[in-house]
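Geometric and topological summary
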Amino acid sequence: MTIFITEDFRLDLSHLDIKFSDENSFFEKDLIKQQSFPFNIPNERGFIPFFEFVSSHNSVEGNQVVAGFLFRNDRYYDAELMILNIDNSIKSIFYYSPDKLTIFDIPLKMLPWPVLNIGDDIYQYAKDTIAKDYPDTLINFSEVYHPELYKENDWGGYSGFLNKNINGDFEKTLEYAYSIPFKKMNEMRPFIYVKEIVKFIFSQIDYTVFGDFNTHASISKALQYHNNSIFYTNKDYLLNNNLTVTLSQSNISGYSPSTVTYNKYVRIFALYSKGSYSMELNVKGSFTVANEEFYIQVYFDNQLLGAAIARNNDDNTFERTINTEIHVAAADVGKDLEIRVICSSNTENTLEGDYEITGTERPLYKDFIDLKDLLPDKSVGEYISDLKESMALTSVFDEPTKTVKFNFFNSSQSSNEQIDLSKYMTKSIARKLNKSLGYKISFDDGETLYMNKKGEFIPSAIGYSSFSLPLQPLKSLFIEGQPAVCNQESNSILFFESNANAKPLINDGDNLYSRLGFIHLFLRRWMFQLLNSEEYNQTLKLPIYVSSKLNSESIIWFYNNSFLVHNLQRTNLNSLFESIKLRLFKLKSYPDFNLVIDDGSGNTTYLPPVAFTTSTSWGTTLVTQFNASISIGQFGFPSSFYIDIYANNSSDPQSLDLSFGWEVLSSPDGNASGIFQSQNTVHSITRFTNSGYINLAGDYVIRLTVVNSVGLTNTIDITVTAS
């Protein structure tokens, strides 16, 4: 049964035997659309009102669209009936979307995402979660370096990390202050697995996801990055303003001299964030009566925090300052901070002042994670399109089986078997050749990679075409020899595999998850074909028994070469033939790519960095023996020594970023003792120090490990002799 319904008409088209194409292998404007083959609506009695309606609105020019609902296969669909031509009959075609597929137009966050209950201990929940992989967990807590937002102080994060993990734990308690234990915390920010996002999207329209995307091991490790503060902000807080007070109570007693009428004035505001704050309050004014007094006090939750008094003895003007600390616990959020002033109305009229409150907003506690908060501000269609473009995915939707197949770009060696179309080829065919010299692949944080026509990564180039990724991998780096990824604001992903220290996945032994590695894994073959293949746009009239074999993964044979179908559109001509519009690539055989870089002399694999230590920042001679003088302790203090070690002249053959890690291998006391104090932000200069009462003198063997941004390392051992 085929029925088309609008506000004005109900057209029963069942007897017309309309044929529908139930295959669509590509997105069009971020929507999944399907279509019928062209059909004719006859000028019969039941269709006369529709004929009159269409003719009055359209004359005979065609291409009018009538919106409505299509009922077929016992289901309703949003549909458009396009009028192609009007003569003795109305030549038409249906374009329709399976019901609920309009979700591709709505914001991703508006889908009915579930909420995870995590209990009252986010730290323990995160600790338990990082030991799991997808699908045993839908989210995870990988460390991310975020230096712009966080700092090292009593109320900030650890050196600017999200999800900072120390020896398997996500929190650290400070010493007791004011008999209250305060926690030094970083922001806990969960990330959802990309695979779960895609799976959930299509579950809303009762589709199941198949293909490479569903089975590829690396995809199961991909997390969607976001910049939404979920639990802990540690934001700097600043509030400053001029001091203004309002009358609260008149003619209050208990203050001298009794000849002065004292009033109570207040300034009240609430503190809505848990945190630790410092307040400075400044006020000045003048008296008009001898021996008159002025009182100013600061209260939080009716508890006195600080006070100051002025009396008119010799000087009729006064200035006072109050400095106080305010600690807002979770139970105190929203309570009032109050400035109270006791003075005469004449004195109040002379008051001038200001106050400033600074500090750090503390954790935002919740016992749940709403998955919608972990998503980018994209529509559903935009997100899927970005994912497809960034990973060179093809999509095949099969409405009868309600499945969607996402596959990575296939090579001529691994695609479907060849279909011979040589006898259907035409003599004239539109084609174009990509004239790009190569691709300049830019990332939002300024990093740029270059790939030439050979598929080789090179250090730099001029005249290359821009290629951007809408879903970008976070930049990978090593901090003190430990793997890390760095925050960026754009739509991004990172990779994570269960580990007790919450370290992001940089290298799993087979695959590299740096930006180079990402392109190598998902995009390199696709880019090679784009740079080197001829692109053909071809329209063929094929028997349906032949055209039915074609989809976006098909390899076809004609013009004496193999061609890969990138996408196709089909139109029914009659019951036996279809018109097929094809976008094709003439396949080029590509080499077996290795992760290599061309230094100008040809392909060379990445070389490791060179660790280099000196005794000065400008030194050019390698130094591995250092001598330190022990300062003898006095008055009960231990003896100590320190020595500065410089590794800032370490280098990388490819000019890649370096990180530095220091460790003590052995010491005179047998405990590998000693402390490193970084003297710069990249830890290439360190101060090695130690103190003690015994076993301080002797040799300390220290190892420097230098790591470049693709994970290659080099070490050097040095000796510090303390005497």
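Only a predicted model underlies this, so the values are computations on that prediction, with no experimental measurement involved. (Residues numbered from 1 in each chain as written. Predicted model: local features only at pLDDT ≥ 70, side-chain atom pairs only at ≥ 80, totals over all residues. Heavy atoms only, no water.)

Some remarks on the overall build of the protein chain
Selection rule: In this text, helices come from DSSP runs of H or I with a minimum length of four residues, and strands from runs of E with a minimum of two, each type numbered from the N-terminal end. Here the term buried applies to any residue with accessible area under 20% of the maximum for its type, exposed to any over 50%, and partly exposed to those in between, with areas from a 1.4 Å probe on protein chains only. Whether two residues touch is decided by their heavy atoms; if any such pair falls within 4.5 Å, the residues are in contact. To be clear on the numbers: accessible area is Shrake-Rupley with a 1.4 Å probe, and residue cover counts the displayed protein chains and nothing else.
Looking only at helices and strands, the protein chain features nine helices and 53 strands. For the protein chain, with 723 residues in total, the buried portion stands at 51%. Here the analysis covers contacts within the protein chain between residues at least 6 apart in sequence; of these, 70% occur between residues at least 24 apart. Taken as a whole, the protein chain presents about 34300 Å² of accessible surface, with 47% of it coming from carbon and sulfur.

Some words on unusual backbone geometry
Each neighbour pair has its own omega, and for Y134 with P135 the value is 10°, a cis peptide bond. Looking at where P135 falls in the secondary structure, it is placed in the loop between α2 (122-129) and β11 (139-140). The omega torsion across S256 and P257 is -5°, close enough to zero to call that bond cis. Counting through the fold element by element, P257 comes out in the loop between β20 (246-252) and β21 (262-270). Even without being glycine, N291 reaches a positive phi, approximately 65°.

Side note on a negative patch on the surface
What counts, and what does not: The patches described consist of residues with a relative accessible area above 30% and no salt bridge, like charges being joined within 9 Å and nonpolar side chains (Val, Leu, Ile, Met, Phe, Trp, Tyr) within 5 Å. One speaks of a salt bridge when a side-chain nitrogen belonging to Lys or Arg is within 4 Å of a carboxyl oxygen belonging to Asp or Glu. In this tally Asp and Glu are treated as negative and Lys and Arg as positive; neither His nor the chain ends contributes. Where a charge lies is defined by one atom per residue type: Lys uses NZ, Arg uses CZ, Asp uses CG and Glu uses CD.
A surface patch of like charges, here negative, comprises D120, D121, D128 and D367. When you line up the elements, D121 lands in the loop between β10 (115-117) and α2. Judged by its relative accessible area of 33%, D121 falls in the partly exposed class.

What about the environment of T621?
Among the secondary structure elements, T621 is positioned in the loop between β46 (603-605) and β47 (625-628). Note: C-alpha distance between T621 and N649 (28 residues apart in sequence) is 9.9 Å. When sequence neighbours within four positions are dropped, the list of residues in contact with T621 reads F612, T613 and T614.

Comments concerning helix α3 (residues 194-203)
In terms of burial, α3 is largely enclosed, as eight of its 10 residues are buried. For α3, the full list of buried residues reads V194, K195, E196, I197, V198, F200, I201 and F202.

Some thoughts on the pairing of strand β41 (residues 534-543)
The criterion, for reference: One requirement defines pairing of two strands: DSSP has to find at least two bridges between them.
Of all the 10 residues making up β41, seven are buried; the element is thus mostly covered by neighbouring parts of the structure. In the sheet, strand β32 (residues 430-433) pairs with β41 via four bridges, with the strands oriented antiparallel. In the strand pairing of β41, L433 is matched with E534. Here β41 runs beside strand β44 (residues 577-586); their pairing, made up of nine bridges, is antiparallel. Residue pairing in the sheet places P543 in a bridge with F577 of β44.

With respect to the packing of aromatic side chains
Applied cut-off: Any two of the Phe, Tyr and Trp rings considered here, Trp counted by its six-membered ring, make a pair once their centres fall within 6.5 Å; the pair's planes then place it as stacked at under 30 degrees, edge-to-face at over 60, or tilted in between. Two limits define a charge over a ring: the Lys NZ or Arg CZ must be within 6 Å of the ring centre, and within 35 degrees of the ring normal.
On inspection of all chains with the given rule, the structure shows 30 aromatic pairs. Look at F287 and F318: their rings are 4.9 Å apart centre to centre, the planes differ by 35°, and that puts the pair in the tilted class. One end of the pair, F287, is in the loop between β22 (275-286) and β23 (293-300); the other, F318, is in strand β25 (residues 317-328), with 31 residues separating them in the sequence. Given the relative accessible area of 4%, F287 is considered buried. One aromatic cluster in this structure is built from F408, F495, Y513, F518 and F522. Across from the ring centre of F161, 4.3 Å away, lies the NZ or CZ of K164, which sits over that ring. Its guanidinium or amino end placed over the ring of Y299, R340 lies 3.7 Å from that ring's centre, counting from NZ or CZ.

With respect to the sheet that holds strand β53 (residues 713-722)
Quick note on the threshold: Orientation is described by axes fitted as lines to C-alpha atoms, over the contacting stretch for helices, and by angles from 0 to 180 degrees between their N-to-C directions.
The strand order β47-β53-β52-β49 describes an open sheet built from four strands, whose pairing is mixed. Only two strands of the sheet have a single neighbouring strand rather than two, namely β47 and β49 (658-666). Each neighbouring strand pair of the sheet contributes to a mean axis angle of 25°, computed without reference to strand direction. Across four bridges, β47 lies against β53 in parallel orientation. Considered in β53, the bridge of Q625 is made with T719.

What to know about helix α8 (residues 524-532)
Among the nine residues in α8, eight count as buried, and that is most of the element. Those residues of α8 not exposed but buried are R524, W526, M527, F528, Q529, L530, L531 and N532.

Topic: the pattern of salt bridges
For the coordinates displayed, the defined rule picks out 15 salt bridges. K335 serves as the salt-bridge partner of D332, at 3.0 Å between the closest nitrogen and oxygen. Taking the relative accessible area as the measure of exposure, K335 reaches 28% and is therefore partly exposed. For the salt bridge of D370 with K372, the shortest nitrogen-to-oxygen distance reads 2.5 Å. Classification of D370 by relative accessible area gives buried; the value is 12%. Several salt bridges converge on common partners, so that one network encompasses K221, E497 and D508.

Quick word on a nonpolar patch on the surface
On the surface, L573, L576 and F577 cluster together into a nonpolar patch covering about 280 Å² of accessible area. With respect to the element layout, L576 can be found in the loop between β43 (561-572) and β44.

Brief notes about the nonpolar core
Just so we agree on the cut-off: Definition used in this section: a nonpolar core is a set of buried Ala, Val, Leu, Ile, Met, Phe, Trp, Tyr and Cys residues joined via side-chain atoms within 4.5 Å.
I201 and F202 are the most contacted members of the largest nonpolar core, which totals 91 residues. A total of six residues in this core trace back to one element, the largest contributor, which is α3. When near neighbours in sequence (up to four residues on either side) are disregarded, I201 contacts I103, L108, L111, V380, Y383 and I384. By size, the runner-up hydrophobic cluster in this structure holds 28 residues, among which are L281, A310, I326 and Y355.

Some words on the sheet that holds strand β51 (residues 685-692)
Pairing is antiparallel across the open sheet formed by three strands, whose spatial order is β48-β51-β50. Each edge of the sheet is formed by a strand with only one pairing partner; in this case those strands are β48 (639-646) and β50 (675-678). On average, each strand axis in the sheet is tilted by 25° relative to the strand beside it, whichever way the strands run. Relative to β51, β50 is paired through four bridges, and the arrangement is antiparallel. Looking at β51, one finds that S678 is bridged to T686.

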